[in-house]
Amino acid sequence: MSLGRLAIKRSLQGVGVVWGVITVVFALRFITPGSVINAVAPLDASRETRRAIAADLGLDQPIYVQYVQYLADLARGDMGHSYVKGLEVTRMVFQRVPATVELAVAATIVAIVLSIPLGVLSATRRNSPVDYGATLFSLGGISTPNFWLGIMLILIFAVQFNVFQTSGRGVTSVAVLTSLVGPEPFVGTLLEWLSYITLPAIALGTYFMALITRLTRSGMLDELGKSYVRAARAKGAPESLVRYKHALRNTLIPVITVLGLQLGTLIGGAVITEAVFAWPGLGTLVIQSINLRDWPALQGSLIVIGTAFVIVNIVVDIIYGYLDPRVVYD
């Protein structure tokens, strides 16, 4: 199957998955105990007032009518209005997306920069103290809950040593780029941005870093034992060339797949980390919407997160097929 047909097939499958996400998210409102009206109406609201609110929100219609209307609104890019704030949900959600993507990308960079060299060192120095240390580090990273790690990082590096900020976003990455490439480059904005994003990026990326370390180590051990590596060494090729050009290159194919899949997971899994660091992203909006029973905002956030995950998976499938022509898709 050509890459073009693969992209079309995966995109059509992705549309079906997104429709499933929308349906499940919509159904959650009716499965969850409690009435939406209770969260919107005053405590002493009369029955007539409650009926008027339900009619105004369209909640007095049958479920299938509400569902069809919701799909029609989504097709026009309208996610409705927040029950609590009265704002457009589409604007509320997409204002939060850059912060979540920024945090997910920062966590991915932290994970890649540390995990791949550590995995290579662990594989090339097998059964040495470096290997034992890398294994212990990766096991600790996989086993540590990110919310607990986030709290510990705040207590140590923000409260005790006052090196980083405890919460918030500070400045945006766009402001950092503008200050660096402007007519008078200024690194102060970059340092301020780093003081805010470093701790949440470490907390969110630690599990990812441990996973990639283990994957790189096992992949390198597998590749270093193959005949083409022995042949390269027999021809007198430098060891660094054998390790980093041949063995590591082949090891990175499954790593890239996991990277893409985990980037989608990071976007959806940043909820707890954003709550710990008061990071103004989608995760914080999800938590606030759940507490306030603001269903339009919650549905919009979950649909965007689910759609982002589907898109990342489609892109990874296409890249994987491009990097490894041996992969055959039915």
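Residue numbers restart at each chain and count upward from 1, following the sequence in its written direction. Local features in a predicted model are, by the rule used here, given only for residues with pLDDT of at least 70; side-chain atom pairs are given and counted only at 80 or more, and totals for whole chains, interfaces and linings are based on all residues. Water and hydrogen atoms play no part in the side-chain values, which are based on all heavy atoms of the structure.

**Quick word on the overall build of the protein chain**
Working step 1: Within the protein chain, the regular secondary structure consists of 14 helices and zero strands.
Working step 2: The way it works is that DSSP assigns letters per residue, a run of H or I at least four long becomes a helix, a run of E at least two long becomes a strand, and they are numbered from the N terminus. Walking the protein chain from its N terminus toward its C terminus, one meets helices and strands in the order α-α-α-α-α-α-α-α-α-α-α-α-α-α.
Working step 3: A principal-axis box enclosing the C-alpha atoms of the protein chain has dimensions of 85 × 55 × 45 Å.
Working step 4: In the protein chain, which comprises 330 residues, the share counted as buried stands at 39%. The rule is simple: take the accessible area with a 1.4 Å probe, protein chains only, and divide by the maximum for that residue type; under 20% is buried, over 50% is exposed, in between is partly exposed.

**Here we look at the packing of aromatic side chains**
Working step 1: For Phe, Tyr and Trp, rings pair up if their centres lie within 6.5 Å, where Trp contributes its six-membered ring, and each pair is then called stacked (planes under 30 degrees apart), edge-to-face (over 60) or tilted (otherwise). One pass over the structure, following the stated rule, counts four aromatic pairs.
Working step 2: Between F26 and F30 the ring centres are 5.2 Å apart and the planes differ by 50°, which places this aromatic pair in the tilted class. With a gap of four residues between them, F26 and F30 both fall in helix α1 (residues 3-31), about one helical turn apart.
Working step 3: Judged by its relative accessible area of 4%, F26 is buried.
Working step 4: Ring pairs connect the aromatic residues F26, F30, Y67 and Y70, which therefore count as one cluster.

**Considerations on the pattern of salt bridges**
For side chains bearing opposite charge, pairing can occur when the charged atoms are close.
Working step 1: Take a side-chain nitrogen of Lys or Arg and a carboxyl oxygen of Asp or Glu: if they are within 4 Å of each other, that pair is a salt bridge. Taken as a whole and judged by the stated rule, the model has seven salt bridges.
Working step 2: As a salt-bridge pair, R217 and D131 come within 2.8 Å of each other at their nearest N and O atoms. Highlighted residues: R217 in helix α9 (residues 188-224) and D131 in helix α6 (residues 129-143), separated in sequence by 86 residues. Note on accessibility: R217 and D131 belong to one class, buried.
Working step 3: A single network of salt bridges, built from pairs that share partners, joins D222, E223 and K226.

**Topic: the UniProt feature "transmembrane region" (unreviewed entry) in the protein chain**
Working step 1: The residues that UniProt annotates with the feature "transmembrane region" (unreviewed entry) are residues 12-31, 103-124, 136-159, 193-212, 252-282 and 302-323.
Working step 2: Each end of residues 136-159 is marked by a C-alpha atom, and these two atoms are 27 Å apart; helix forms 92% of the span and strand 0%.
Working step 3: The distance separating the terminal C-alpha atoms of residues 193-212 is 26 Å; by composition the span is 100% helix and 0% strand. UniProt positions are given in the numbering used here, feature names are shortened, and annotations may be inferred rather than shown by experiment.

**Concerning the nonpolar core**
Working step 1: Nine residue types can take part in a nonpolar core, namely buried Ala, Val, Leu, Ile, Met, Phe, Trp, Tyr and Cys, and a core is a set of them joined through side-chain atoms within 4.5 Å. Counting 31 residues, the largest nonpolar core has L103, I197, L204, F208, I212, M220 and L266 as the members making the most contacts within it.
Working step 2: Contributing elements (two or more residues each) for this core: α5 (89-124), α9, α10 (227-234) and α11 (239-269).
Working step 3: Core analysis: the second largest hydrophobic core is formed by 23 residues, Y83, V89, I303 and I305 among them.

**A closer look at the packing of α5 against α6**
Working step 1: The axes used here are C-alpha line fits, helices contributing only the stretch in contact, and every angle between their N-to-C directions lies in the interval 0 to 180 degrees. Across the interface, α5 lies against α6 with an axial gap of 8 Å and an inter-helix angle of 135°. Comparing the axis directions of α5 and α6 gives the class oblique. Judged by the twist between their axes, the crossing of α5 over α6 is left-handed. Within the contact between the two elements, α5 uses L118, L121 and S122 and α6 uses V130, D131, A134, T135 and F137.
Working step 2: Taken together, the residues that form the contact of α5 with α6 break down as five nonpolar, two polar and one charged. Under this scheme an angle from 65 to 115 degrees is roughly perpendicular, one under 35 degrees roughly parallel, and one over 145 degrees roughly antiparallel; angles in between are oblique. For a crossing to be left-handed, the near helix must be turned anticlockwise from the far one by less than a right angle; the clockwise case is right-handed. Throughout, a contact is declared for two residues whenever any of their heavy atoms are within 4.5 Å. For this scheme, ten residues count as nonpolar: Ala, Val, Leu, Ile, Met, Phe, Trp, Tyr, Cys and Pro. Four count as charged, namely Asp, Glu, Lys and Arg, and the remainder, Gly too, count as polar.

**Let's talk about the domain arrangement of the protein chain**
Working step 1: Domain assignment breaks the protein chain into domain 1 (33-78) and domain 2 (91-281).
Working step 2: The source of the domain bounds is an automatic or database domain assignment. Each of domain 1 and domain 2 has a C-alpha centre, and the two are 43 Å apart.

**Details of the environment of A175**
Working step 1: Structurally, A175 can be placed in helix α8 (residues 173-181).
Working step 2: By relative accessible area, A175 is classed as partly exposed at 31%.
Working step 3: Separated by 15 residues in sequence, A175 and L190 have C-alpha atoms that sit 8.6 Å apart.

**Notes on a nonpolar patch on the surface**
Working step 1: Each patch groups residues whose relative accessible area exceeds 30% and which form no salt bridge, using 9 Å between like charges and 5 Å between nonpolar side chains of Val, Leu, Ile, Met, Phe, Trp and Tyr. Accessible surface area values rest on a Shrake-Rupley calculation with a 1.4 Å probe, where residue burial reflects the displayed protein chains alone. Residues F147, W148, I151, L155, I156, F157, V159, F161, V163 and I272 make up a contiguous nonpolar surface patch of about 930 Å² in total accessible area.
Working step 2: Element by element, the count of residues in the nonpolar patch is highest for helix α7 (residues 146-160), at seven residues.
Working step 3: Summarising the element assignment, I156 is placed in helix α7.
Working step 4: On the accessibility criterion, I156 (39% relative accessible area) is partly exposed.

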